[in-house]
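# Architecture at a glance
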Amino acid sequence: MLRLEKRPSPSGFWQATTPILAVALTMIAGGLMFAALGKNPFEAIRTIFWDPLFHEQFASYSRPQLLVKAGPLILIAIGLSLGFRAGIWNIGAEGQYIMGALAGAGVGLAFYPAQHWYIFPLMVIAGALGGWAWAMIPAILRTKFNTNEILVSLLLVYVAQNMLASMSIGMMRNPEGGGFPGSRNLSQYPSAANPELIAGTGMHWGVIAAFMAVIAAYILLQRHILGFQIKLAGQAPRAARFAGVNPTALVVMCMGISGALAGLAGMFEVSGPAGQISIDFNVGYGFTAIIVAFLGRLNPIGILLAGLLMALTYIGGELAQFMLGLPAAAIQAFQGMLLFFLLAVDLLTNYRVRIGTRKEAI
Amino acid sequence: MTDLLRVEGVTKAYPGVVANSDVSFAISPGEIHALLGENGAGKSTLVKMIYGLVRPDTGRMLLNGAPYHPAEPRAARAAGVAMVFQHFSLFEALNVAENVALGMENPPPMKELASQIRKVSEEYGLPLDPARMVGDLSAGERQRVEIIRCLLQDPKLLIMDEPTSVLTPQEVEILFKTLRQLSSEGTAILYISHKLEEIRALCDEATILRRGRVVATCTPRERTAREMAELMVGAVLTPPARVGAAKGAIALEVRGLSVPSPIPFGTSLKDVSFAVRRGEVLGIAGVAGNGQDELLLALSGEVRAAQDAVQIDGKGCGDLGPNERRRLGLVSAPEERLGHAAAPDMSLVENALLSGAIRKGLTRNGFIDWGATEAFAATIIKEFDVRTPGTHVAARALSGGNLQKFVVGRELSQTPSVIVINQPTWGVDAAAAAAIRQAILDRTAGGAAVVVISQDLDELLEIADNFAALNEGRLTPPRPVAGLTIDEIGLMMGGAHGMEVAHHGS
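As the structure is a computational prediction, the values presented were derived from the model and not from experiment.

### Remarks on the overall build of chain A
Of regular secondary structure, chain A possesses 14 helices and two strands. Taking 21 Å as the expected radius of gyration for a compact globule of 362 residues, we find that chain A reaches 22 Å, a close match to that expectation. When burial is assessed residue by residue, chain A has 51% of its 362 residues classed as buried. The long-range share in chain A, meaning contacts at least 24 apart out of those at least 6 apart in sequence, stands at 77%. Surface exposure of chain A reaches about 16,200 Å², of which carbon and sulfur atoms provide 67%. With 21 positive and 13 negative side-chain charges, chain A shows a spacing of 16 Å between the two charge centroids.

Next up, the structure:
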């Protein structure tokens, strides 16, 4: 009989190995699923993981997409990971992402067609503030009335989606757009555009912000007392109070940071890759970032790698849909497997497997 | 064969530690037998084997002459063995009768059970209302629920694990009367304790364990407490030395402190007042759950009160948080080590930072100086003899006693002017306890004002200058320890909670 035994200290070996093991298991289980769908599993796996980067025909298009997709995922996931470590569950990054985009685009559109150097920086600030303000609603409701931030932040996503729809057919609609929903294209308005900085790489300001967030979060968690307090609050809330951590301030800070980063991601997206506010502007980055945060085990470096991996499965998944005719649902199931296996093998870090009969309950 | 229970050559090993090695002893019917030993001597493992919670590796047990190897507590109960644990397993939101029913195999209808509880409680002088909510009961009353639950099974052998740690001296007397009555009716009692005077007063025979082995058996009435203590520890004990320090100015003053308890079923503090001078130790006694945790929280700053309710060196700080009070010179050590005083999954270095950051200057502009923090952790480990493979071990990997030394050491190493400690030597072996008490007295001699909250009266009488007791959230006026009698102390602790009528007939 197999049984699990708690380790006295977490295993460093498994901490490093479980993500690789999880990816390998996902490939095996995913391959079986693709085979059951009547596709060649090896070809499918190669299409998802290899072709986006190295296929001679498609790689020139899909390689820059890697950073374009990974940027917002990493930026949002870094913010979420701080809260998750402290036991503060902001599930509504998608809504904060939308509000950041609306605020940033709103500032840009308000200046149209003036050309000033300061328009884009103002949009950056507005985007961060938009996401921050949206995250403050669940934060304040939790600290004042002890509401559950999971529910409030999640439900606010649907409010934000309706705001987005209303804006794209109402206040922000392009007056020269012939009545079609959607705003002016910000990427064609130089003062407000977030262009590709190095041609062919997909690198834009949002990607740079994501890398900066990774570095800042790493320093915060490793070297700064605030990072220590975040970890402490998540692991041992009573010890955190003993250490002088103010739970209210911590909730406000963590929700604020995650909201601001999600808002920034939305703002960089709307002014760059997406270009405009439209009804279907959001594509679920805010939710996928939750997976990225956990896949990277809430560690900034891990999140960086997890964001790139997740972006790869997105691009590869699209490629597989279009090259092999795999259904979109199969790709989503494949991504789900990744999270499932990661969480499943994660317990090897804290527990060891013992083979043998149970001896006693003590 | 007159023995009720015989234990012969029982050995139990865990990975890395032999808990019991070749242990033998016997109890006859009606005998009150003491199992004596320090923390970690193997008492708990031994009784867990008798109660069917742990199975011995080798050796055998006989009950009434027949082989007895209970596979689980249910089998032990069926054979007539019952146990009252040190930590109660009661549901606070259920009433007494419901709690009793939950521990029974086939509980009778509630009404019948309630009348049975009343009958047994009157018979043995343990008054208890079956309809009361357990959350509203004192620790002594909760213990009665556990005892009555055992008595309803009509046991032949009753195991009691450290039963008096939650009782006032008066309640202890009542419990002893009940136990003597049971013994006279033929029930054998296996009584586990490290309190020697109690064992001398109550027990017929004693088996003394040290490091898992039986080192001696004796008849407690014929030995002095000191002789038994030295058998138990295996060394000659030196009581802590006091240097008569000059009493200085008042360093900590509490005036009319009233705060609601943040803990469910906790005890609110009501109008607590006291003052401690530099070079002075105030000992605060009380039965568990009478506001000790709340008092520590209110002094450490985890629970806020009115500004002038707590004053450090004359400066009102009742509305300040833990870190601001640390800056003013107050350090505190909560009772619960894992999860409150220390974060279980963090290393000792991180745990040194936890409360040491302010006074040891371990951060600069918020950035942590890990080098200095590690040096601080290493100093604590060295000075307080914490047994650990290194500073990077998780706190939960340390034994309770070692972690306690680390936590107390961390606070005492911060050159504090006010020290507040709840249960400084809980679960620590005698040598380490003596070291911790000595360290507290050294800081006192160095001019610190100290508040020690403890349920160990001997400890308080040993180190305190003044003595006060918490009873349902109220603090008695402090009195000098010199000249206090144990009866006066018992009355300060609230006497026997609602039990004066007990044992009228006996």
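### Describing the sheet that holds strand β5 (residues 66–67) of chain B
Residue and element names in this part refer to chain B. Taken in spatial order, the four strands line up as β2-β1-β4-β5 in an open sheet, and their pairing is antiparallel. On the outer flanks of this sheet lie β2 (17–27) and β5, each paired with one strand and no other. Across seven bridges, strand β1 (residues 5–14) lies against β2 in antiparallel orientation. Paired with R6 across the strands is A26, a residue of β2.

### Focus on the environment of B:Q170
Residue and element names in this part refer to chain B. Looking at where Q170 falls in the secondary structure, it is placed in helix α6 (residues 169–184). Assessed through its relative accessible area of 18%, Q170 is described here as buried. As a C-alpha pair, Q170 and G301 span 131 residues in sequence and 34 Å in three-dimensional space.

### Some points on a nonpolar patch on the surface
Nonpolar side chains collect at one region of the surface, where A:I215, A:Y218, A:I219, A:I301, A:L305 and B:F367 lie side by side and expose about 570 Å² of accessible area between them. Listed by contribution, the elements that provide at least two residues to the nonpolar patch are α8 (205–223) and α13 (300–324) of chain A. Broken down by element, the nonpolar patch gets its largest block of residues, three residues, from α8(A). Assignment of secondary structure puts A:L305 in helix α13. Residue A:L305 is classed as exposed on the basis of its relative accessible area, which comes to 55%.

### Some thoughts on the interface of chain A and chain B
Of the residues lining the interface, 24 residues belong to chain A; the matching set on chain B comes to 37 residues. Summed over both sides, the interface between chain A and chain B buries roughly 2,400 Å², with carbon and sulfur atoms accounting for 57% of that surface. The tally of links between chain A and chain B comes to one salt bridge. For B:E336, the salt bridge is made with A:R238, and the minimal N-O distance between the two is 2.3 Å. Seen at the junction of chain A and chain B, the total is nine residue pairs in polar contact (both at pLDDT 80 or more). For the side of chain A that touches chain B, the secondary-structure elements that each account for two or more residues are α8, α9 (225–235) and α10 (237–242) of chain A. Among the elements that take part in the side of chain A that touches chain B, α9(A) stands out by supplying five residues, more than any other. Partitioned by chemical class, the residues of the side of chain A that touches chain B number eleven nonpolar, six polar and seven charged.

### A short note on the sheet that holds strand β11 (residues 250–259) of chain B
Residues and elements named next belong to chain B. Spatially, the four strands line up as an open sheet ordered β12-β11-β14-β15, and their pairing is antiparallel. Lying at the two open borders of the sheet, with one neighbouring strand each, are β12 (269–277) and β15 (315–316). In the sheet, β11 pairs with strand β14 (residues 310–312) via three bridges, with the strands oriented antiparallel. Within β14, the position partnered with E253 by the bridge is Q311. Each of β11, β12 and β14 is contacted by helix α9 (residues 292–300), which is oriented at about 60 degrees to β12, the strand it contacts most.

### Examining the packing of aromatic side chains
For the structure shown, the criterion picks out 17 aromatic pairs over all chains. Note on A:F13 and A:W14: the rings are 5.2 Å apart at their centroids and 75 degrees apart in plane angle, and the pair reads as edge-to-face. When the ring of A:Y97 is compared with that of A:F281, the centres are 5.5 Å apart and the planes differ by 10 degrees; the resulting orientation is stacked. With a gap of 184 residues between them, A:Y97 in helix α5 (residues 93–111) and A:F281 in the loop between α11 (247–271) and α12 (285–295) connect regions that are remote in the sequence. Grouping aromatic residues by their ring pairs yields a cluster made of A:F34, A:F49 and A:F334. Seen from the ring of A:F242, B:R326 lies directly overhead, with NZ or CZ sitting 4.9 Å from the centre.

### Notes on the layout of surface pockets
Rolled over the atoms, a probe with the dimensions of a water molecule shows which regions are left empty. Residue and element names in this part refer to chain A. One number sums up the size of the second largest pocket: a volume of about 1,600 Å³. What lines the second largest pocket is a set of 46 residues, and nearest its centre among them are Q15, R85, Q235, R297 and N299. In the lining of the second largest pocket, the residues fall into 23 nonpolar, 14 polar and nine charged.

### Thoughts on the pairing of β11(B)
Of the pairings in the sheet, the one linking β11(B) to β12(B) comprises six bridges and is antiparallel in character. Each bridged residue has a counterpart across the sheet, and for B:V259 the counterpart in β12(B) is B:L269.

### Looking at the domain arrangement of chain B
Residues and elements named next belong to chain B. By the assigned domains, chain B splits into domain 1 (5–233) and domain 2 (244–326 + 450–498). A C-alpha centroid distance of 32 Å is found between domain 1 and domain 2. Domain 1 puts 17 residues into the contact, and the matching count from domain 2 is 15 residues. Between domain 1 and domain 2, roughly 1,100 Å² of surface is buried when both sides are summed, and carbon and sulfur atoms account for 61% of that area.

### What to know about empty space enclosed by the protein
All names here are of chain B. Going through the model one piece at a time under the given rule, you end up with two cavities of 30 Å³ or more. Of the voids in this model, the largest cavity is the one considered here, and its volume is about 60 Å³. Lining the largest cavity are ten residues, and of these G140, Q143, R144, L167 and E171 sit closest to its centre. Of all elements in the fold, only α5 (139–151) and α6 reach the threshold of two or more residues within the lining of the largest cavity. Of the residues forming the lining of the largest cavity, the biggest block, four residues, is contributed by α5. For the lining of the largest cavity, the per-class residue count stands at six nonpolar, two polar and two charged.

Definitions and limits used
Residues numbered from 1 in each chain as written. Chains lettered and ligands numbered in written order. Predicted model: local features only at pLDDT ≥ 70, side-chain atom pairs only at ≥ 80, totals over all residues. Heavy atoms only, no water. Helix = DSSP H or I, 4+ residues; strand = E, 2+ residues; numbered from the N terminus. Rg over C-alpha atoms; globule rule 2.2 N^0.38 Å. Buried < 20%, exposed > 50% of the residue type's maximum accessible area, 1.4 Å probe, protein only. Contact = heavy atoms within 4.5 Å. Areas by Shrake-Rupley, 256 points an atom, 1.4 Å probe, with all protein chains shown as cover. Lys, Arg positive; Asp, Glu negative; His and termini not counted. Charge placed at Lys NZ, Arg CZ, Asp CG, Glu CD. Pairing = 2+ DSSP bridges. Patch = residues over 30% accessible without salt bridge, like charges linked within 9 Å, V, L, I, M, F, W, Y side chains within 5 Å. Salt bridge = Lys/Arg side-chain N within 4 Å of Asp/Glu carboxyl O. Buried area = accessible area lost by both parts, 1.4 Å probe. Polar contact = N/O pair within 3.5 Å; in protein donor to acceptor, adjacent residues only side chain to side chain. Nonpolar A, V, L, I, M, F, W, Y, C, P; charged D, E, K, R; others polar. Axes fitted to C-alpha atoms, helices over the stretch in contact; angles between N-to-C directions. Phe/Tyr/Trp six-rings, centres within 6.5 Å; stacked < 30°, edge-to-face > 60°. Lys NZ or Arg CZ within 6 Å of the ring centre and 35° of its normal. 1 Å grid on protein atoms, 1.4 Å probe; cavity = no way out; pocket = protein on both sides within 12 Å on 5 of 7 lines; lining within 4 Å. Points joined across faces, edges and corners; volume = space filled by probe spheres on them. Domains from an automatic or database assignment.

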